[in-house]
Amino acid sequence: MLANRNVRQIALGGALVLLTFGSHLGAAMTEPLPIGAALSQTSNVALLGQEQIIGVRLAEEYFNSKGGVGGTKIQVILEDSAGDEASAINAFNALIRKNVVAIVGPTLSQQAFAADPLADKAKVPVLGPSNTAKGIPQIGPFVTRVSAPVAIVAPHALEAALKRNPQLKNVAVLYAQNDAFNTSESMTFQEAVKADKRLTLGTIQKFQTTDTDFTTQASEVMKVKPDLVIISGLAADGGNLVKQLRQLGYKGLIVGGNGLNTPNVFPVCQKYCDGILIAQAYSPEAGDAMNKALVELYQKKHKKMPGQFTAQAFTAVQVIVEALSAIDQKKKVTTYDVKELRQELNKQILGQSFQTALGPISFDKDGEIVQKSFYVAEIKMDADNKNGKFSFLK
Ligand code: 1QQ
């Protein structure tokens, strides 16, 4: 419904044309409250996006069962952000047109750097559910994230590798140079290796997320005889790289980055996934009440433990719902104009604390997540070499 003061009707060539003036006002809020999700449903990035879609859907179900926002239901509106920048931009534009209050997405940092500025300009709050590259919250005042940055998360995996093998010295680093997150994560790893006097950086090898043949890079790695290989890639390329490296005879430790942080990597590297160490911003074993609720809900449907990408996407929706609920207590959200509500929501998100599946979280003035607990898990493959699990290190 359009507010009268916002619309002029003028006759033009006999046709009645609606023109909207005063762009500071949009449409009145509709019910259920639309929350946008721009996540990768197709492309190679769907290996990561699928788990996020499960997360936002579970959150929709869970928070609606608790009464939504002061009795008003929420609805997650999903647009496929696929694997590239153009698809993420299209998904964001479609969601903004659908008058969503906020957007959870996109899946990759690479896409966020392209799409988030649009939402920021339109003053639509964006919650990055998995964007971990340096610089994401700094895109603009309407951009926040629930995914802790690589600079904080990734070094935990290096520490775990050193604990596993205190003799380790020689490190090889590989990364997908066409992807913003992988580049950012690799820089963090490279700096951490250089800063540690016990370690030497034997070689740095680059590849593309679209690569399938890693013979050249794997051969270069073998030449330097590393005790540790650190890989920053996405699930498909990263998984294949692990496989080809093991097939060439590499027997040492492997640290995988966030792009390998999904059970969907198991069918890619199969038995060769076994032993990969990956830092985690979530543990299904953490005792928080909201985590218990998520684990129970997830297990009922999927008969296994939820992973980090599911938990972060669930948390992004929770943050929106709880911030809207706080606003609703002062003035019903359904009485707001969508543009006004988006601005209120952004302010509220930045000022509030949340008890989540990731533990207690809040945001700094840039919109960066403030989170306390991080973990490291090791991939343990089953005897069938098809299934496996993330086993959390103590
Ligand atoms: C980023 C990431 C990816 C691994 C998310 C799926 O961390 O792009 O920032």
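Up top is the structure.
Conventions we followed
- Residues numbered from 1 in each chain as written.
- Predicted model: local features only at pLDDT ≥ 70, side-chain atom pairs only at ≥ 80, totals over all residues.
- Heavy atoms only, no water.
- Helix = DSSP H or I, 4+ residues; strand = E, 2+ residues; numbered from the N terminus.
- Rg over C-alpha atoms; globule rule 2.2 N^0.38 Å.
- Buried < 20%, exposed > 50% of the residue type's maximum accessible area, 1.4 Å probe, protein only.
- Contact = heavy atoms within 4.5 Å.
- Areas by Shrake-Rupley, 256 points an atom, 1.4 Å probe, with all protein chains shown as cover.
- Lys, Arg positive; Asp, Glu negative; His and termini not counted.
- Charge placed at Lys NZ, Arg CZ, Asp CG, Glu CD.
- Salt bridge = Lys/Arg side-chain N within 4 Å of Asp/Glu carboxyl O.
- Core = buried A, V, L, I, M, F, W, Y, C linked by side-chain atoms within 4.5 Å.
- Domains from an automatic or database assignment.
- Phe/Tyr/Trp six-rings, centres within 6.5 Å; stacked < 30°, edge-to-face > 60°.
- Lys NZ or Arg CZ within 6 Å of the ring centre and 35° of its normal.
- Expected span 1.5 Å × (residues − 1).
- Pairing = 2+ DSSP bridges.
- Axes fitted to C-alpha atoms, helices over the stretch in contact; angles between N-to-C directions.
- 1 Å grid on protein atoms, 1.4 Å probe; cavity = no way out; pocket = protein on both sides within 12 Å on 5 of 7 lines; lining within 4 Å.
- Points joined across faces, edges and corners; volume = space filled by probe spheres on them.
- Nonpolar A, V, L, I, M, F, W, Y, C, P; charged D, E, K, R; others polar.

Enquirer: Please clarify how the overall build of the chain should be interpreted in this entry.
Expert: Within the chain, the regular secondary structure consists of twelve helices and 17 strands. Its C-alpha atoms give the chain a radius of gyration of 22 Å, within 12% of the compact-globule value 21 Å for 394 residues. Along the three orthogonal principal directions, the C-alpha set of the chain runs to about 75 × 50 × 40 Å. A buried classification covers 56% of the 394 residues belonging to the chain. Here the contacts in the chain between residues at least 6 apart in sequence split such that 68% fall between residues at least 24 apart. Surface accessibility of the chain: about 16500 Å² in total, with carbon and sulfur atoms responsible for 52%. The centroid of the 41 positive side-chain charges in the chain is displaced by 2 Å from the centroid of its 35 negative side-chain charges.

Enquirer: Where do I start with the pattern of salt bridges in this structure?
Expert: Where side chains of opposite charge bring their charged atoms close, a pairing between them can arise. In the structure shown here, the tally under the stated rule is eleven salt bridges. Put simply, glutamate 60 and arginine 57 hold a salt bridge, and the shortest N to O gap is 3.1 Å. With a gap of three residues between them, glutamate 60 and arginine 57 both fall in helix α1 (residues 46–65), about one helical turn apart. The exposure class assigned to glutamate 60 is buried, which follows from its relative accessible area of 14%. Close ionic contact of glutamate 220 with lysine 223 constitutes a salt bridge, the shortest N to O distance being 2.9 Å. Of this pair, glutamate 220 and lysine 223 are both found in helix α7 (residues 215–223), three residues apart, which corresponds to roughly one turn of the helix.

Enquirer: Can you help me understand the nonpolar core in this one?
Expert: The tendency in soluble globular proteins is for nonpolar side chains to be buried side by side. Core analysis: the largest hydrophobic core is formed by 72 residues, its most contacted members being Val101, Leu228, Ile230, Phe314, Ile320, Leu324 and Leu345. Counting residues per element, this core draws most heavily on helix α11 (residues 308–330), which supplies eleven residues. Lining this core are residues from two domains, each supplying at least three of them: domain 1 (29–147 + 287–363) and domain 2 (152–280 + 375–392).

Enquirer: Would you explain the packing of aromatic side chains in this entry?
Expert: The description of an aromatic ring pair rests on the distance of the ring centres and on the angle between the ring planes. Taken as a whole and judged by the stated rule, the model has seven aromatic pairs. Centre to centre, the rings of tyrosine 62 and phenylalanine 63 are 4.9 Å apart; their planes meet at 90°, and the pair counts as edge-to-face. Here tyrosine 62 falls in the buried class, since its relative accessible area comes to 17%. Looking at phenylalanine 63, the relative accessible area reads 6%, which means it is buried. A ring pair is formed by phenylalanine 63 and phenylalanine 314, whose centres lie 5.6 Å apart and whose planes are at 40°; its orientation type is tilted. With phenylalanine 63 in helix α1 and phenylalanine 314 in helix α11, this residue pair connects regions lying 251 residues apart in the sequence. Accessibility classification places phenylalanine 63 together with phenylalanine 314 in one group, the buried group. What links up through ring pairs into an aromatic cluster is the set Tyr62, Phe63 and Phe314. Positioned over the ring face of tyrosine 336 is lysine 331, at 4.3 Å from the centre of the ring.

Enquirer: What is the right way to read α11 from this model?
Expert: Its 23 residues place the ends of α11 34 Å apart at the C-alpha level, agreeing with the 33 Å of an ideal helix rising 1.5 Å per residue. Among the 23 residues in α11, 19 count as buried, and that is most of the element.

Enquirer: Got a minute to help me understand the sheet that holds strand β14 (residues 359–363) in this structure?
Expert: What holds strands together in a sheet is hydrogen bonding between their backbones, with the strands either parallel or antiparallel. Pairing within the open sheet is antiparallel, and its three strands lie in the order β13-β14-β15. Looking at the sheet topology across the chains shown, the edges are occupied by β13 (354–356) and β15 (369–371). Between one strand axis and the next, the sheet turns by 35° as a mean value, whatever way the strands run.

Enquirer: Even after reading the chapter, I still don't get empty space enclosed by the protein, so can you show me in this structure?
Expert: Rolled over the atoms, a probe as big as a water molecule pinpoints where empty space is left. In the structure shown here, the tally under the stated rule is two cavities of 30 Å³ or more. Quantified by volume, the largest cavity comes out at close to 110 Å³. Residues belonging to the lining of the largest cavity are distributed by class as follows: ten nonpolar, seven polar and one charged. The residues that make up the lining of the largest cavity include at least three from each of domain 1 (29–147 + 287–363) and domain 2 (152–280 + 375–392). Reported here for the second largest cavity is a volume of approximately 90 Å³. Around the second largest cavity, the lining residues are Leu48, Thr107, Leu108, Ser109, Ser130, Thr132, Phe181, Leu234, Asn258, Gly259 and Phe309. Taken together, the residues of the lining of the second largest cavity sort by class into five nonpolar, six polar and no charged.

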